[in-house]
Amino acid sequence: MSGTAIGRIQSPRIIRIGGGVVRETAEVLAQLGLQRPLIVTDTNLVQLGHVGVLTDGLDAETVRWALFDGVVEDPTDTCLAAGLAAFRAGNYDCVIGFGGGSPMDTAKAISFMSVNPGHVRDYKAPTQIDRCGPPVILIPTTGGTGSELTRWCVITDTEKTEKYNLSGLACVATAALIDWTFTTTKPWRITADTAVDSLTHAIEAFVSRKAFAYTDAFAVAAMPAIATHVRTACADPDNAVAREALMLAASQAGMAFSNASVALVHGMSRPIGAHFHVAHGLSNAMLLPEVTKFSVDSAQDRYAICARVMGWAEDIDSDPVACRKLVDGLIRLNDDLKVPNPTALGHAPDPTRFALMADQALASGSPQNNPRVPTRDEIMGIYERMW
């Protein structure tokens, strides 16, 4: 976070943003010299008709496409293997990831695993996957993960019960088409969870030990947009202004954390998803107030800015007062968005499992970016309090 920090930036070659931009997919493929995409998505998006919007546009330009719709939520190594088999069975020159974080992350992994040997667990962070596979075009339909602009993806190992953070140039999309119109069909829970996921990305990128001026600009733009519009989007799903703002903020937050990294919330969130199958955005929301309360004293100036840009604190408030208002605001946001704790979902606290989860969180490397780097026992304590 110092003025002498060196910024290292990775982003897609092509980024197009706006309502209806999905209709430009064939044009983007032609610009890249691509003709035969495998579309990676899930059955829900097929049933909603969203995939048809994409394929109708491809058909109009006589693009020869094929479909793999076997992506599952929190994609696993077995899901990845099925997608990789589908890719290898055809003469495809690129992969289109269409959907939320799960299809987009699966598309990234299909691409880089098509040219890298072994099992996906061989490449978990801190390994950098820089041997790139076929081009990846990402089209988000939820607005939350920011995966379309990041150098990260996450795959769950079914044998090890662990969610792997995967990173490197091979995880950066070749092109991203960001079309908010798909998000109007998102139900309340997914709208809320993906928005808080984006907010977590922005806050963690801003307070990360790897933050620098470029990432700060994206994070500071994303936070107020999310705080202003998330409640409206939940209450009024067809509100175009709110939906567009949240989709843009998700991408801005994605650019921020892709290059500044996430921190303790994400390090602790992945084990919750792996062990209890809680959706990623929801587990982030469960953790965000408690982790922020744990961390604020180690970066009061940064956290205070978060509170002020979101309108939760006044400019005249001291940093300690602004930090208290930030924690209170996050608790209030969770209340308004009806965020449950794991116990309410039927998951009993398990100290033995918490110990394993703490080890997995630390091994991911994300907690080491936090303003206050926790011990194993402190992570276990946070799990116990948020449970």
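Structure: see above.
Every value quoted in this text rests on a predicted model; they were computed, and no experiment measured them.

Enquirer: I'm lost on unusual backbone geometry in this one. Help?
Expert: Backbone phi values are negative for most residues with the exception of glycine, while trans is the configuration of most peptide bonds. The peptide bond linking Ala125 to Pro126 adopts the cis configuration, its omega dihedral lying at 20°. By secondary structure assignment, the location of Pro126 is in the loop between helix 5 (101-113) and strand 5 (136-140). Phi at Asp74 is positive, roughly 50°, even though this residue is not glycine. Overall, the relative accessible area of 16% leaves Asp74 in the buried class. The residue Lys338 is not glycine, and still its phi comes out positive at about 60°. On the accessibility criterion, Lys338 (54% relative accessible area) is exposed.

Enquirer: Quick question: what am I supposed to make of the pattern of salt bridges here?
Expert: Proximity of charged atoms lets side chains of opposite charge pair with each other. Here the structure, examined in full by the defined rule, presents 14 salt bridges. Here Arg121 makes a salt bridge to Glu159, at a shortest N to O gap of 3.3 Å. Here Arg121, found in the loop between helix 5 and strand 5, pairs with Glu159, found in the loop between strand 6 (152-157) and strand 7 (162-167); they are 38 residues apart in sequence, far enough to count as distant. Accessibility expressed as a relative area gives 59% for Glu159, which makes it exposed. Of the charged contacts, one joins Lys124 and Glu162 as a salt bridge, the two residues approaching to 3.7 Å between their closest N and O atoms. In this pair, Lys124 sits in the loop between helix 5 and strand 5 while Glu162 sits in strand 7, placing the two residues 38 residues apart along the sequence. One continuous salt-bridge network, built from bridges that share partners, spans Arg16, Glu24 and Glu27.

Enquirer: Looking at this model, I keep getting lost on the packing of aromatic side chains. Mind explaining?
Expert: One pair of aromatic rings is described through two measures. These are the centre distance and the angle between the planes. This model, assessed by the stated rule, comprises eight aromatic pairs. Here the aromatic cluster, defined as three or more aromatic residues joined through ring pairs, consists of Phe276, Phe354, Tyr383 and Trp387. Geometry around Phe206 places Arg302 over its ring, the cationic atom sitting 3.9 Å from the centre. Over the aromatic face of Phe276 sits the side chain of Arg353, whose NZ or CZ is 5.1 Å from the ring centroid.

Enquirer: Whenever I open this one, the packing of helix 6 (residues 188-207) against helix 7 (residues 213-235) confuses me. Can you help?
Expert: A packed helix pair is summarised by two numbers, namely the angle formed by the two axes and the spacing between the axes. Axis separation between helix 6 and helix 7 bottoms out at 9 Å; the angle between their running directions is 160°. Our classification of the angle between helix 6 and helix 7 gives roughly antiparallel. The two elements helix 6 and helix 7 cross, and the hand of that crossing is left-handed. Along its contact with helix 6, which presents Trp188, Thr191, Ala192, Ala195, Ser198, Leu199, Ala202, Ile203 and Phe206, the element helix 7 presents Asp216, Ala219, Val220, Ala222, Met223, Ile226, Val230, Ala233, Cys234 and Ala235. When grouped by side-chain class, the residues that make up the contact of helix 6 with helix 7 number 16 nonpolar, two polar and one charged.

Enquirer: Looking at this model, I keep getting lost on the sheet that holds strand 3 (residues 66-68). Mind explaining?
Expert: Whenever strands of a sheet pair, they do so through backbone hydrogen bonds, lying parallel or antiparallel. Pairing is parallel across the open sheet formed by six strands, whose spatial order is 1-8-5-4-2-3. Each edge of the open sheet carries a strand with a single partner, namely strand 1 (14-17) and strand 3. Pairs of neighbouring strands in the sheet enclose a mean axial angle of 15°, with direction left out of account. One ladder, built from four bridges, connects strand 2 (residues 37-40) with strand 4 (residues 94-99); its direction is parallel. Within strand 4, the residue paired with Leu38 across the bridge is Val95. Contacts from helix 5 reach strand 2, strand 4 and strand 5, with the element oriented near 165° to strand 4.

About the thresholds
Residues numbered from 1 in each chain as written. Predicted model: local features only at pLDDT ≥ 70, side-chain atom pairs only at ≥ 80, totals over all residues. Heavy atoms only, no water. Helix = DSSP H or I, 4+ residues; strand = E, 2+ residues; numbered from the N terminus. Buried < 20%, exposed > 50% of the residue type's maximum accessible area, 1.4 Å probe, protein only. Salt bridge = Lys/Arg side-chain N within 4 Å of Asp/Glu carboxyl O. Phe/Tyr/Trp six-rings, centres within 6.5 Å; stacked < 30°, edge-to-face > 60°. Lys NZ or Arg CZ within 6 Å of the ring centre and 35° of its normal. Axes fitted to C-alpha atoms, helices over the stretch in contact; angles between N-to-C directions. Parallel < 35°, antiparallel > 145°, perpendicular 65-115°, else oblique. Left-handed = near helix turned anticlockwise from the far one by under 90°. Contact = heavy atoms within 4.5 Å. Nonpolar A, V, L, I, M, F, W, Y, C, P; charged D, E, K, R; others polar. Pairing = 2+ DSSP bridges.

Keep in mind these values describe shape, not function.
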